[in-house]
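Each chain, letter by letter, is given below.
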Amino acid sequence: MTIKVNQLTKEFHLYNNQISYIFRVLEKSNHLEHLYFGKRIKHRDSFSHLIEREIRPSCNMFEGDHTSSLEHIKQEYPSFGTTDFRYPAHMVTNQIGSHITNYQYQSYQIIPGKPALENLPATYVEDSNEANTLEITLIDEVLQSKLILSYTIYSKRNVICRNARFINTGAEAFYINNAMSTSVDFPDDEYEMLHLAGAWAREAHVEVQKISKGVQSIYSARGASSHTHNPFLALKRPDTTEHTGEVYGFSLVYSGNFLGQVEVDTYSVTRVMMGINPFQFKWKLNPNETFQTPECVMVYSNEGLNGMSQTYHDIYRTRLARGYWRDRERPILINNWEATYFNFNEEKILSIAKTARDFGIELFVLDDGWFGKRNDDTSSLGDWFEDKEKLPNGIQGLSEKIEGLGMKFGLWFEPEMVCKDTKLFQQHPDWIVATPNRRASHGRNQFVLDFARNEVVDHIFTLMDNILSKSQISYIKWDMNRHMTEIYSTSLDFDQQGEVAHRYILGVYRLYERLIEKYPEILFESCAGGGARFDPGLLYYAPQAWASDDTDAAERLKIQYGTSMVYPLSSIGSHVSAVPNHQVGRITPIDTRANVAYFGTFGYELDITNLSDEEKYKVKGQTSFFKEKRQLIQNGRFYRLLNPFESNEVSWMVVSEDKKEAMVGYYKVLAKPNDKYYRIKLKGLDPDKLYKIEGKETTHYGDELMNIGILLAEDYTDRAGEYWSREKLGDFSSELFLLKEVNA
Ligand code: DGJ
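Residues numbered from 1 in each chain as written. Predicted model: local features only at pLDDT ≥ 70, side-chain atom pairs only at ≥ 80, totals over all residues. Heavy atoms only, no water.

Visitor: Could you give an account of the overall build of the protein chain, with specific residues and numbers?
Guide: Check the secondary structure of the protein chain and you find 12 helices and 38 strands. By the compact-globule yardstick of 27 Å for 744 residues, the protein chain fits well, its C-alpha radius of gyration being 27 Å. Seen through its principal axes, the protein chain has C-alpha atoms that stretch 85 × 70 × 45 Å. Within the protein chain, the fraction of its 744 residues that count as buried is 62%. Here the protein chain has roughly 28500 Å² of accessible surface; of this, 47% comes from carbon and sulfur atoms. Within the protein chain, one finds 83 positive and 101 negative side-chain charges whose respective centroids are separated by 1 Å. (Helix = DSSP H or I, 4+ residues; strand = E, 2+ residues; numbered from the N terminus. Rg over C-alpha atoms; globule rule 2.2 N^0.38 Å. Buried < 20%, exposed > 50% of the residue type's maximum accessible area, 1.4 Å probe, protein only. Areas by Shrake-Rupley, 256 points an atom, 1.4 Å probe, with all protein chains shown as cover. Lys, Arg positive; Asp, Glu negative; His and termini not counted. Charge placed at Lys NZ, Arg CZ, Asp CG, Glu CD.)

Written out as structure tokens, the structure is:
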């Protein structure tokens, strides 16, 4: 990978074997002009022939020069109000109330590797040879500010990581009203926008729409990245498929309010930007202070959506997730939420744990309801002291007993919340996010603690530490069940209220950091009423996340398929739950529930003591099967084969890095009588390797499996005399195909 700089023409070309990213400095105005982002092109001394200019009716920066309109120049980090009329990547309010900026190129530096971002999660390198970072310094002399745009190119990834930082070099404060992490101007608008939309219990549904002139956007203003939109969008060509064609991904490493915006102008130029949502954002930057934006990870793939996803999976699994658990096998867990809800005692918990242990489950997770007097969702958040009526031996005693069974013990917290009946609220009623003289709205009977204040974060750390330090806790499920309203912090001045939502998220990251520092071997799973904070920001701290409160296998096909657009299987919390399913009342076979949940971090969420003997037998088989396959699932390459948003059949597969092994999941939502013949064409195998599908007599070369597929027709000899042979499985049926290389 290289970053080539033409000192004379001030052109910058970042490239590796897969991608090129090119921009230059405009001669007269010293702004940055974007020239190209896409498939690798050959390096040339100058790319000035790529400059596109035409005289058009417009306002121009320089007299006598009718091509100096920023409206018609593709830019790297545009501003508004000096001839560009599109939405800008940044905006400030200066000392006289003006929004005009003029950040002009001053210098560049190339840094081996990738510097960390202060107080923010980001992708990283383990060796400085893995990547290079180009930092461009721009200066606005009137505002007295520096702007540093950072671009990282990895040697072996089709990824550019961008962020921006503002520095106040003057003697007076100014305000940042908008500071995107990235902005790219694409030369045409022949794209569709793909994004992940949803709600509680139906997260990450894939939406695709043709882009058109004007603005189309996804965003959150809820204080969390949210169920509604994931902080991710992709621009794909209309003919791009799962496995072929061009696509650009934009993924924000952030867990709070965000904006992902696509604007097509009247000349069909498409501006994509992503960053902290400027809505209600206003950051006071005092002299000598720096404001750092989160990172945006941009992917270019010409191997379709799946190519883009694999790039995200790889970088997020190995260079965003960190620490003790990053590469370790994740334990099979059982969580008591859907088994007992709030209604449990030590005896019940131990009976679930003991049965689970007998069936090969490795970690018991005690969910909501173990503290204060929390017998429903109206009370106790913030009183992080054991309920001795339910747990006479406390968390310490319970955790020791669970460890004594040979299992690990995990615990649920909702650290950012408080209920009014708690000691915490009574002692600190001013610690909630609320606006003076206005109603404080509740969500699930709870209020949001003001994590913009360090003393609040420190206090919660102490409460959690009291439990953690005396108990045997190997796992924490960190939940967050409501969004922010009446946003205001009494700790900040009137002109800093636009900082609260961002400071809050920085507080969340700070608490994670403190806990990880003290307890590096705890496995964190993030959760926000299911997947409302399933975002790259939290993957930096918690390598796995609970994808949805919807545990129904059929619904999960969509949720997990959508989630896999960006996030690796090693991060997708997925469990087998009871039937009828608690969210939709659906009855699905236990085999199908497991066949869906295997493609994630596998676990159970049901009262295992109530299962029939046949189900218990199956669970035993499932846990030993998963233990055998979890390396493959956690570290393999994931391919989506059949799309649940388009058909009744769903399929996906995972292939080991050496292509010697693969596991294919095939699901049929509704049974169809006397249906057509079905084949699933596989991906990612070695065309020349010979594979045996477990349970079948024949062997197949990879090329055959990828070009012809697995034939799904049932063996009619088993069914002689029946009307048709295939539909023995009923609705919500599924099959796993396990492939292993064999000698030819
Ligand atoms: C929402 C989570 O998503 C559930 O799994 C469970 O932990 C509940 N909260 C507990 O209140």
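Picking up where we left off.
Visitor: Could you give an account of the side chain of serine 220, with specific residues and numbers?
Guide: Here serine 220 shows up in the loop between β13 (214-219) and β14 (229-236). At 3.2 Å, the side chain of serine 220 forms a polar contact with the backbone nitrogen of arginine 222. Those residues in contact with serine 220 that sit more than four places away from it in its chain are Ser225, Ser226, Asn257, Phe258 and Asn277. (Polar contact = N/O pair within 3.5 Å; in protein donor to acceptor, adjacent residues only side chain to side chain. Contact = heavy atoms within 4.5 Å.)

Visitor: Can you tell me about the nonpolar core, naming the residues and giving the values?
Guide: If you look at the biggest cluster of nonpolar residues, it comprises 188 residues, and the most contacted ones within it are Leu366 and Trp370. Ignoring any residue separated from it by four or fewer positions in sequence, one finds tryptophan 370 in contact with Phe344, Trp384, Phe385, Glu386, Asp387, Leu391, Ile395, Leu411, Trp412, Phe413 and Ile467. Among the nonpolar cores identified, the runner-up in size contains 19 residues, and Leu641, Val655, Ile693 and Leu739 belong to it. (Core = buried A, V, L, I, M, F, W, Y, C linked by side-chain atoms within 4.5 Å.)

Visitor: With reference to specific residues and values, describe the pairing of strand β31 (residues 637-642).
Guide: Bridging between β31 and strand β32 (residues 649-655) involves five bridges; their strand directions are antiparallel. Paired with phenylalanine 638 across the strands is valine 654, a residue of β32. Following β31, the chain reverses through six residues before pairing antiparallel with β32. (Pairing = 2+ DSSP bridges.)

Visitor: Tell me about helix α4 (residues 394-404), and please be specific about residues and values.
Guide: Among all positions of α4, only Gly394, Ile395, Gly397, Leu398, Ser399 and Ile402 are buried. Check the buried side of α4 and you find it contacts α3 (346-358), β22 (363-366), β23 (408-413) and α6 (454-470). Of the residues trailing α4, glycine 406 is marked for its positive phi of about 90°.

Visitor: Report on the sheet that holds strand β2 (residues 11-15), specifying residues and quantitative values.
Guide: Taken together, the four strands give an open sheet; going across it, the order is β1-β2-β3-β4, and neighbouring strands pair in antiparallel fashion. Of all strands in the sheet, those bounded by a partner on one side alone are β1 (2-6) and β4 (32-39). Between one strand axis and the next, the sheet turns by 10° as a mean value, whatever way the strands run. (Axes fitted to C-alpha atoms, helices over the stretch in contact; angles between N-to-C directions.)

Visitor: Before we move on, could you go through the sheet that holds strand β29 (residues 572-577) and cite the residues and values that matter?
Guide: Judged by pairing direction, the barrel is parallel, and its eight strands sit side by side in the order β21-β22-β23-β26-β27-β28-β29-β30 before closing back on the first. On average, adjacent strands in this sheet sit at an angle of 30° to one another, irrespective of strand direction. By the bridge criterion, three bridges tie strand β21 (residues 333-335) to β22 in an arrangement that is parallel. Pairing of isoleucine 334 across the sheet is with phenylalanine 364, part of β22. Against the sheet, α4 contacts β22 and β23, and its axis sits at roughly 145° relative to β23. Across the sheet, helix α9 (residues 553-563) lies against β28 (544-546) and β29, angled at about 165° from β29, the strand it touches most.

Visitor: Kindly report on the environment of phenylalanine 279, identifying the contributing residues and their values.
Guide: With respect to the secondary-structure elements, phenylalanine 279 resides in the loop between β17 (270-276) and β18 (283-285). Residues phenylalanine 279 and glycine 443, spaced 164 residues apart in sequence, show a C-alpha to C-alpha distance of 22 Å.

Visitor: Please give an account of the domain arrangement of the protein chain that cites residues and values.
Guide: The domains assigned to the protein chain are domain 1 (3-319), domain 2 (333-635) and domain 3 (649-742). On a C-alpha basis, the centroid separation for the pair domain 2 and domain 3 is 36 Å. Facing the 20 residues of domain 2 at the interface are 22 residues of domain 3. Across the domain 2/domain 3 interface, buried area totals approximately 1600 Å², and carbon plus sulfur atoms make up 74% of it. Among the residues of domain 2 in contact with domain 3, Leu557, Phe599 and Leu632 are the three that bury the most area, contributing 40% of the side total. (Domains from an automatic or database assignment. Buried area = accessible area lost by both parts, 1.4 Å probe.)

Visitor: I'd like a description of the packing of aromatic side chains, backed by residues and values.
Guide: Aromatic ring pairs are described here by two measures, namely the spacing of the ring centres and the angle between the planes. Summed over the entire model, instances satisfying the criterion amount to 47 aromatic pairs. Aromatic pair phenylalanine 371 and tryptophan 384: ring centres 4.5 Å apart, planes at 50°, arrangement tilted. Taken together, the residues phenylalanine 371 in the loop between β22 and α4 and tryptophan 384 in the loop between β22 and α4 connect sequence positions 13 residues apart. We note that phenylalanine 371, like tryptophan 384, is buried. Judged by centre distance (4.9 Å) and plane angle (50°), the rings of phenylalanine 534 and tyrosine 567 are tilted. Taken together, the residues span a long stretch of sequence, with phenylalanine 534 in the loop between β27 (523-526) and α8 (536-539) and tyrosine 567 in the loop between α9 and β29 at a distance of 33 residues. A residue is classified by how much of its surface remains accessible, and tyrosine 567, at 1% relative accessible area, is buried. (Phe/Tyr/Trp six-rings, centres within 6.5 Å; stacked < 30°, edge-to-face > 60°.)

Visitor: Tell me about the layout of surface pockets, residues and numbers included.
Guide: In this model, the largest pocket occupies a volume close to 700 Å³. Lining the largest pocket are 35 residues, with Glu118, Asn119, Leu120, His502 and Leu506 sitting closest to its centre. Only β7 (131-140), β8 (145-154), β9 (159-168), β19 (290-292) and α7 (500-518) provide two or more residues apiece to the lining of the largest pocket. Examining the composition of the lining of the largest pocket, we find that seven residues originate from one element, α7, more than from any other. For the lining of the largest pocket, a count of residues per class yields 14 nonpolar, 11 polar and 10 charged. Shared between two domains, the lining of the largest pocket takes at least three residues from each, and those domains are domain 1 (3-319) and domain 2 (333-635). (1 Å grid on protein atoms, 1.4 Å probe; cavity = no way out; pocket = protein on both sides within 12 Å on 5 of 7 lines; lining within 4 Å. Points joined across faces, edges and corners; volume = space filled by probe spheres on them. Nonpolar A, V, L, I, M, F, W, Y, C, P; charged D, E, K, R; others polar.)

Visitor: Account for the environment of alanine 89, with residues named and values stated.
Guide: With respect to the helices and strands, the residue alanine 89 is situated in the loop between β4 and β5 (90-93). Residue alanine 89 is classed as buried on the basis of its relative accessible area of 0%. With 13 residues separating them along the chain, alanine 89 and glutamate 76 place their C-alpha atoms 8.6 Å apart.

Visitor: Account for the site of the ligand, with residues named and values stated.
Guide: Of all residues adjacent to the ligand, which total 13 residues, the nearest are Asp367, Asp368, Lys477, Asp479 and Asp549. Aspartate 367 places a polar side-chain atom, nitrogen or oxygen, 2.7 Å from an oxygen atom of the ligand. At a separation of 2.7 Å, an oxygen atom of the ligand approaches a polar side-chain atom of lysine 477. About the coverage of the ligand: the protein hides 98% of its 290 Å² of free accessible area. Residues belonging to the shell around the ligand are distributed by class as follows: four nonpolar, three polar and six charged. (Near = heavy atom within 4 Å.)

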